[in-house]
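Coordinates in review
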Amino acid sequence: MTFPGPGDLVRVVKESPVWRSLFRQPYPTTSRTRALAVMNNVFLHLHPVRVKKHAVRYTYTFCLGGISFFLFLVLTVTGLYLMFFYVPSVSRAYQDIQAISASVAFGDLVRNMHRWGAHLMVLTVFLHMIRVFYHGAYKPPREFNWVVGVLLLFLTLMLSFTGYLLPWDQIAFWAITVGTQMAQYAPLLGPQSSFFLLGGIEVGQNTLLRFYVLHVIFLPLIAAIFMIVHFWRIRKDGGISGPV
Amino acid sequence: MTTHASYGEVHGPNVGEMSRRSFMRRMLGVGVGLLSLEFLGGTLAFLWPNLTGGLGGQIEIGTAADINSQQPAWKTGEPYIYTKARLFFVNVPAAKSLVDGSKQTVEDPGTDVSPDIEPANRSVLALYRKCPHLGCQIPQLCDKSEWFECLCHGSKYTVLGEKRDGPAPRGMDRFDVTMNGDIYTVDTSKIVTGPPIGTATFDNRGPGDMQHCVG
């Protein structure tokens, strides 16, 4: 009599309908199966099946767009974690921030990842724009994607600006006071836009709640939609930019 | 023992069929798995509730003078209701004199709070207001019987939390008290189970001996 060994268990698992639904083809070993593996997977299909040789030349793009997207993901995850401990209320916000840093396990780490990630993202998005500009990569057929990119830069700055108020300390309060005063000088609807943004005539509870909602839902969602378009346009406009 | 083209005879067991590529692939899987576990562990640590300052932590009730200023009847035996920790803070000598009719005033019951001392001989008791029957909040001492009488199903306890009547399986649960200088501090991280039915160290009246607020 023979007992079933670990090999039999592997075989049973690999022949089960669940395994065969998750891994629809064997490990790719040929060109064709490698292409299929990328095309048939919802996560991998975002990548091109084949890339041009220059695409792996790191020093052409410095992966600045990729780093920006990575930072966006880091900020999304750390931001989600911070939301468990932060209440956007004028009486609690500052204490909550202090408590995250002082008494939550890894809280100071997560908060600093979020803060430094935000600073870095503004920097990398800016450098990405400079790189595209000096390579002339905004020229047709990529002119539409340049415009999408400019909107993404604006959204990044707005995310940074709205997040700045949330600690509800002195620097946050006065920075937003100054920032929204500047909005009053906008042509035509200046005072109205400031009034709308603040939810009143000065920075207060309404402002904190408005900035919080913009920061955690509205702006990230809009940015994600524009990112989808941005990445899709890269593929449609001939793949990652390289030397002409 | 196997023979290798370059090295000649190779000692030791044959390492099998695994190629370098599949080894790297498996190690990548193991690495990603370990990182995921670490991340999961960190997430659990991050989200684990921190009970400092609320029920579940060390709670400073205050000095005897603080309690008397909050609730002046404490010195004549009325248990102090400390809402944040959901407890009755009983001035034991004063409460005993309230029940036995000697009506003494005890401004400061003292510092005999050690759990080694019999509850009836301690200075203070921190009784958890959650009824050990089904968890209702026990109201303030009934002024007809000088017992704690639960409104939900009529469980009745003496001022020291010993069960006298009703469906509860034991006396009122309690917390250990420590002195921090002259400040009473209650350790709500550990619930001390109430005394079993039949415990009668003080107040031997039965339910039929007097009027009640409940039942």
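Shown above is the structure to which this text applies.
Here the structure is a predicted model, which is why all the values come from computation and not from measurement. All chains use their own residue numbering, which begins from 1 and follows the written sequence. Naming scheme: in the order in which they are written, chains are lettered from A and ligands are numbered from 1. Selection of residues for local features in this predicted model requires a pLDDT of at least 70, selection of side-chain atom pairs for listing and counting requires 80 or more, and totals for whole chains, interfaces and linings are taken over all residues.

A short note on the overall build of chain B
A count of helical and extended segments in chain B gives 3 helices and 11 strands. A helix here means a DSSP run of H or I that spans at least four residues, while a strand means a run of E at least two residues long, and both kinds are numbered starting from the N terminus. Its helices and strands taken in sequence order, chain B reads β-β-α-β-α-β-β-α-β-β-β-β-β-β from the N to the C terminus. Residue burial is a threshold on neighbouring C-beta atoms within 10 Å of the residue's own C-beta, all placed from the backbone, with 20 or more meaning buried, 12 or fewer meaning exposed, and counts in between meaning partly exposed. Out of the 215 residues in chain B, the part that is buried amounts to 30%. We call two residues in contact whenever the C-beta atoms placed from their backbones are within 7 Å. For chain B, the proportion of contacts with a sequence separation of at least 24, taken over those separated by at least 6, is 53%.

Digging into the overall build of chain A
What chain A contains, in helices and strands, is 11 helices and 0 strands. Tracing chain A from N to C terminus, the helices and strands come up as α-α-α-α-α-α-α-α-α-α-α. Split into buried and exposed, the 244 residues of chain A put 21% on the buried side. Put simply, 66% of the contacts in chain A that link residues at least 6 apart link residues at least 24 apart.

Quick notes on unusual backbone geometry
Residue Pro140 of chain A is joined to Pro141 of chain A through a cis peptide bond whose omega torsion reads 10°. One can find Pro141 of chain A in the loop between helix H7 (107–134) and helix H8 (143–165). Non-glycine residue Phe106 of chain A carries a positive phi angle of around 60°. Of note, Phe106 of chain A is situated in the loop between helix H6 (93–103) and H7. Phi at Glu146 of chain B takes a positive value of approximately 60°, unusual for a residue other than glycine. Mapping Glu146 of chain B onto the fold places it in the loop between strand E6 (124–128) and strand E7 (148–149). Since 19 C-beta atoms lie within 10 Å of it, Glu146 of chain B is described here as partly exposed.

Points about the nonpolar core
A set of buried residues qualifies as a nonpolar core if it consists of Ala, Val, Leu, Ile, Met, Phe, Trp, Tyr and Cys joined through C-beta atoms within 7 Å. Core analysis: the biggest nonpolar cluster contains 38 residues, and Leu87, Phe89, Val90, Val124, Ala126, Leu127 and Val186 of chain B have the highest contact counts within it. When residues of this core are traced back to their parent elements, those giving at least two are strand E3 (58–62), helix H2 (64–70), strand E4 (80–82), strand E5 (87–91), helix H3 (92–100), E6, strand E10 (174–180) and strand E11 (183–192) of chain B. Here this core gets 5 residues from one element, more than from any other, and that element is E6 of chain B. In this structure Phe89 of chain B touches Ile61, Ile67, Pro79, Tyr80, Tyr82, Val124 and Ala126 of chain B, once residues within four positions along its chain are discounted. If you look at the next biggest cluster of nonpolar residues, it comprises 19 residues, including Ile97, Ile100, Val104 and Leu198 of chain A.

Things to note about the interface of chain B and chain A
Counting residues at the interface gives 7 residues for chain B and 8 residues for chain A. Each residue is assigned to one of three groups, with Ala, Val, Leu, Ile, Met, Phe, Trp, Tyr, Cys and Pro labelled nonpolar, Asp, Glu, Lys and Arg labelled charged, and all others, Gly among them, labelled polar. Residues that form the side of chain B that touches chain A fall into these classes: 4 nonpolar, 3 polar and no charged.

Regarding the sheet that holds E7 of chain B
Residues and elements named next belong to chain B. Pairing between strands requires that DSSP locate at least two bridges from one strand to the other. As summarised here, the arrangement of the 3 strands in space is E7-E8-E9, forming an open sheet in which the pairing is antiparallel. Looking along the sheet, the strands with just one partner apiece sit at the ends: E7 and strand E9 (163–165). Two strands pair when backbone bridges link them, and strand E8 (residues 156–157) and E9 are joined in this way by 2 bridges, in the antiparallel orientation. Paired with Lys156 across the strands is Asp165, a residue of E9.

Overview of H3 of chain B
Within the sequence span of H3 of chain B, burial applies to Val92, Pro93, Ala94, Ala95, Lys96 and Leu98 of chain B. Those residues of H3 of chain B that are buried are in contact with E5 and E6 of chain B.

Observations regarding the packing of H8 of chain A against helix H9 (residues 170–183) of chain A
Two quantities define a packed helix pair, namely the angle between the helix axes and the distance between the axes. Residues and elements named next belong to chain A. Remark: H8 packs on H9, axes separated minimally by 8 Å, with the N-to-C direction vectors making an angle of 135°. Here H8 is positioned oblique relative to H9, judged by the angle of their axes. When H8 is examined against H9, the residues Phe161, Tyr164 and Leu165 are found in contact with a partner set consisting of Ala172, Ala175, Ile176 and Gly179. Split into classes, the residues belonging to the contact of H8 with H9 amount to 6 nonpolar, 1 polar and no charged. Here the axes come from fitting lines to C-alpha atoms, over the contacting stretch only for helices, and the angles between their N-to-C directions go from 0 to 180 degrees. Note that the term roughly parallel is reserved for angles under 35 degrees, roughly antiparallel for angles over 145, roughly perpendicular for angles of 65 to 115, and oblique for everything else.

Details of the pairing of E11 of chain B
All names here are of chain B. Here 4 bridges tie E3 to E11, and the two strands are oriented antiparallel to one another. Bridge pairing links Gln58 to Asp187 in E11. Examined bridge by bridge, E10 and E11 share 6 bridges and lie antiparallel to one another. Its bridge partner being in E11, Val177 is matched across the sheet by Val186. Linkage of E10 to E11, two consecutive antiparallel strands, is achieved through a turn of 2 residues, within which Gly181 is found at a positive phi near 70°.

Some remarks on the sheet that holds E5 of chain B
What holds strands together in a sheet is hydrogen bonding between their backbones, with the strands either parallel or antiparallel. All names here are of chain B. Taken together, the 6 strands give an open sheet; going across it, the order is E3-E11-E10-E6-E5-E4, and neighbouring strands pair in antiparallel fashion. Among the strands making up the open sheet, the edge pair consists of E3 and E4. Strand-to-strand, the axes of this sheet are offset by a mean angle of 30°, without reference to chain direction. Judged from the 5 bridges that link them, E5 and E6 form a sheet pairing that is antiparallel. Among the inter-strand pairings, Asn91 is bridged to a residue of E6, identified as Val124. Along the sheet, H3 makes contact with E5 and E6, crossing E5 at roughly 80°.

Worth remembering: the numbers are spatial, not functional.
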